[in-house]
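Chain by chain, the residues:
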Amino acid sequence: MKECEDTGIIKTIRCIVCPTGCLIEVREDIEGKNTFQGYTCKRGLEYAQQEFFEPKRIMTTTIKIDNAIHPLLPVRSNKPLLKEKLNEAFQIIANTTIKAPVKMGDILIKNITNEDVNIIASRDMEKK
Amino acid sequence: MNTYKTDVAVIGSGAAGLAAAIEVKKAGLEVLLLERGIELGGILMQCIHNGFGIKEFDKELTGPEYAQLFIDQVNQLQIPYKLDTMVIEIAFDNKLYAVNKNEGLIEIIPKAIILAMGCRERTRGAINVPGFRPAGIFTAGQVQRFVNIEGYLPGKTIVILGSGDIGMIMARRLTWEGCKVKAVVEIQPYVSGLLRNEVQCLEDYNIPLITSYTVTKIHGKDRLKGVTIEAVTKDYDRIIGTERFIECDALLLSVGLIPENELTRDAGAEISSMGGPVINNNLETTLEGVFACGNVLQVHDLVDLVTAEAKRAGKNAVDYINTRYKKKLKTIQSICLFPGNNVNYVKPDNISLSENIHDIIINLRVKNPDRRVQINIKDDTNRIIYKKKKSYVIPSEMIELNIKINEIDLNPNCNGLIIEVIPLLEPLIE
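Residues numbered from 1 in each chain as written. Chains lettered and ligands numbered in written order. Predicted model: local features only at pLDDT ≥ 70, side-chain atom pairs only at ≥ 80, totals over all residues. Heavy atoms only, no water.

(A) Highlighting the overall build of chain A. Helix and strand counts for chain A stand at three helices and 10 strands. Put simply, chain A runs from its N terminus to its C terminus through helices and strands in the order α-β-β-β-α-β-β-β-β-α-β-β-β. In summary, chain A has a C-alpha radius of gyration of 20 Å against a globular reference of 14 Å for 128 residues, an excess of more than 25%. Considering chain A as a whole, with its 128 residues, one finds that 40% of them fall into the buried category. Long-range pairs, those at least 24 residues apart, make up 49% of the contacts in chain A between residues at least 6 apart in sequence. For chain A, the exposed area adds up to about 7,500 Å²; of that, 48% sits on carbon and sulfur atoms. Put simply, chain A has 20 plus and 18 minus side-chain charges, and the middle of one group is 9 Å from the middle of the other. (Helix = DSSP H or I, 4+ residues; strand = E, 2+ residues; numbered from the N terminus. Rg over C-alpha atoms; globule rule 2.2 N^0.38 Å. Buried < 20%, exposed > 50% of the residue type's maximum accessible area, 1.4 Å probe, protein only. Contact = heavy atoms within 4.5 Å. Areas by Shrake-Rupley, 256 points an atom, 1.4 Å probe, with all protein chains shown as cover. Lys, Arg positive; Asp, Glu negative; His and termini not counted. Charge placed at Lys NZ, Arg CZ, Asp CG, Glu CD.)

(B) Fine view of the domain arrangement of chain A. Taken as a whole, chain A is organised into domain 1 (9-53) and domain 2 (60-121). Here domain 1 of chain A and domain 2 of chain A have C-alpha centroids that lie 32 Å from each other. (Domains from an automatic or database assignment.)

(C) Here's a closer look at the pattern of salt bridges. Across all of its chains, the model carries 30 salt bridges over all chains by this definition. For B:K25, the salt bridge identified is with B:E30, shortest N-O distance 3.8 Å. A residue is classified by how much of its surface remains accessible, and B:E30, at 41% relative accessible area, is partly exposed. Sharing partners across several salt bridges, the network here consists of A:E51, A:R57, A:K83 and B:D204. (Salt bridge = Lys/Arg side-chain N within 4 Å of Asp/Glu carboxyl O.)

(D) Spotlight on the packing of aromatic side chains. One pass over the full model with this rule turns up 11 aromatic pairs over all chains. Measuring from centroid to centroid gives 5.0 Å for A:F52 and A:F53, while their planes differ by 80°, and the two rings are edge-to-face. Residue classification places A:F53 among the exposed residues on the basis of a relative accessible area of 54%. The interplanar angle of 40° and the centroid separation of 5.2 Å between the aromatic rings of B:Y66 and B:F70 together place this pair among those described as tilted. In this pair, B:Y66 and B:F70 both sit in helix α2 (residues 63-76), four residues apart, roughly one turn of the helix. Owing to a relative accessible area of 0%, B:Y66 belongs among the buried residues under this scheme. Taken together, the aromatic side chains of A:F36, A:F52 and A:F53 make up a single cluster linked through ring pairs. Across from the ring centre of B:Y213, 5.7 Å away, lies the NZ or CZ of B:R244, which sits over that ring. (Phe/Tyr/Trp six-rings, centres within 6.5 Å; stacked < 30°, edge-to-face > 60°. Lys NZ or Arg CZ within 6 Å of the ring centre and 35° of its normal.)

(E) Here's a closer look at the sheet that holds strand β15 (residues 226-231) of chain B. All names here are of chain B. Taken in spatial order, the three strands line up as β14-β15-β16 in an open sheet, and their pairing is antiparallel. Of all strands in the sheet, those bounded by a partner on one side alone are β14 (213-219) and β16 (244-247). Adjacent strand axes in the sheet meet at a mean angle of 30° when their direction is disregarded. Bridge analysis of β15 against β16 gives four bridges, and the strand direction is antiparallel. Directly across from G226, in β16, lies its bridge partner E247. (Pairing = 2+ DSSP bridges. Axes fitted to C-alpha atoms, helices over the stretch in contact; angles between N-to-C directions.)

(F) Region of interest: the interface of chain B and chain A. If you look at the interface, chain B gives 33 residues, while chain A gives 27 residues. Both sides of the chain B and chain A interface together cover about 2,500 Å² of buried area, and 55% of this is carbon and sulfur. In this structure, the connection of chain B to chain A is made through six salt bridges. Between A:R76 and B:E65 there is a salt bridge whose closest N-O contact spans 2.7 Å. Between chain B and chain A we count 13 residue pairs in polar contact (both at pLDDT 80 or more) in total. Those elements giving two or more residues to the side of chain B that touches chain A turn out to be β4 (61-62), α2, α4 (140-150), α5 (165-176) and α6 (195-202) of chain B. Considering only residue class, the side of chain B that touches chain A consists of 13 nonpolar, seven polar and 13 charged. (Buried area = accessible area lost by both parts, 1.4 Å probe. Polar contact = N/O pair within 3.5 Å; in protein donor to acceptor, adjacent residues only side chain to side chain. Nonpolar A, V, L, I, M, F, W, Y, C, P; charged D, E, K, R; others polar.)

(G) Region of the structure containing the side chain of B:E186. Residue and element names in this part refer to chain B. Turning to its location among the elements, E186 is positioned in strand β12 (residues 180-186). Buried and unpaired, E186 has R122 as its nearest opposite-charge partner, separated by 9.6 Å. Once you skip the residues sitting within four places of it in the chain, E186 turns out to touch G162, S163, S192, I210, T211, S212 and Y213.

(H) Expanded view of the nonpolar core. Counting residues in hydrophobic clusters, the biggest one holds 61 residues, and the most contacted among them are B:V8, B:I11, B:L96, B:I114 and B:L115. Core analysis: the second largest hydrophobic core is formed by 25 residues, B:I357, B:I385, B:I408 and B:L417 among them. (Core = buried A, V, L, I, M, F, W, Y, C linked by side-chain atoms within 4.5 Å.)

So, in structure tokens, the structure goes:
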């Protein structure tokens, strides 16, 4: 931890809000208060704060579907999901099979990791 | 042989074909969509990740969602389409010949054609990697189809050559599906895809990105056993002594896309050096009444831009039928556009001026990344008639200029225009 005390930088975040790709440095003082430096716009700061305190991702994957024109249906989370919960969600989806037909936006798995996030269908899929 | 008459025939029902067909139908003309796959939507259906639609719908959609919104419109407008139908020839007078299982050979007689066939991936043959030809070597989009639609994995340990967006997205996708992605290898000194993908697909999962390296040897006879990678100079010469072996059982190639223009070429249209047809500012090819849009014309970074271009193609095809086709007018003289300093290509290839043209959309890509540049359009007397400053330019980002004709001092008798991207500051002399 010595190095951290010297520089004060505990994390570097590459901003992806626009292609400029600012390097945003997160510092922590003795009292544990965080400051952000290196961003060049408000959206960049918001992104860095979200990414530092509570990183989230939209999850997109496929789910097994029976009796449809394809063996898999593309699905997504309707909202961003905590990054640390992604693996748990993948496991649940891998162990689920649904039935055709479905419509885009249909809720397939409700409240997947108890964060009020649903897994929904990404497209319509007819019965075979 | 079944014969179909229509106003506009659209070849391909991906992002470009769907948007073009909808535009034509909304203008009150008849349109027929021709699709060789078993469903509408094209490549969007296998691009299950999100990030589509930010410009077009102001929200982040997945590829299938983006396509579904257009497919719903096709159904609402009752646009006729033929699936599993392969166009095999654009013949004299813009007649089309196609085949499908139910009808055999069919003939389509349209007044105008919109080409929306998209592009395909460069393969191992296109980049000349020596070695045996074992199983386990795929293009990235091919694997995307296997994993996302058909439900197969390409292998267990993966190396990806090329840091294009599909390559990086597949690195994350395969990691999620339980594969070990050992490295993404990029021959250029910088990533060729979007920054967003580099951060969210590679850095998020600690997938090593090895730049200024390329694959120089394939190991394994029946099944891929590994690859040798080697550092390269700026001019892509191998640097002796930098060889590294990486064990893997699948190699994915994400090394570029080529517009798919066999039909266009066979029909006698002029093809430009980047692989897309030569077009004027109406997106019309050198064949009268044949328009092109989407990746068959130029490879786009964002599907939203494909949609915008396809809508223009649809509108221009309608204009053509309502004016020139009916009155048998000929195209007017045109001004050629040429790529200048640090410009890889420019579209359109020429500009046809007429009274009803008010603005011209020009797309270009730079050859090399640069910061603080000025984009100039110069006429044949070396006079700058248009300029625009940009804080950065990169080859992976297509630049769009929307030029108002009445705001530029264009001499209609000039022979050609040159588009150049020049640095604003003199580089330091070493």
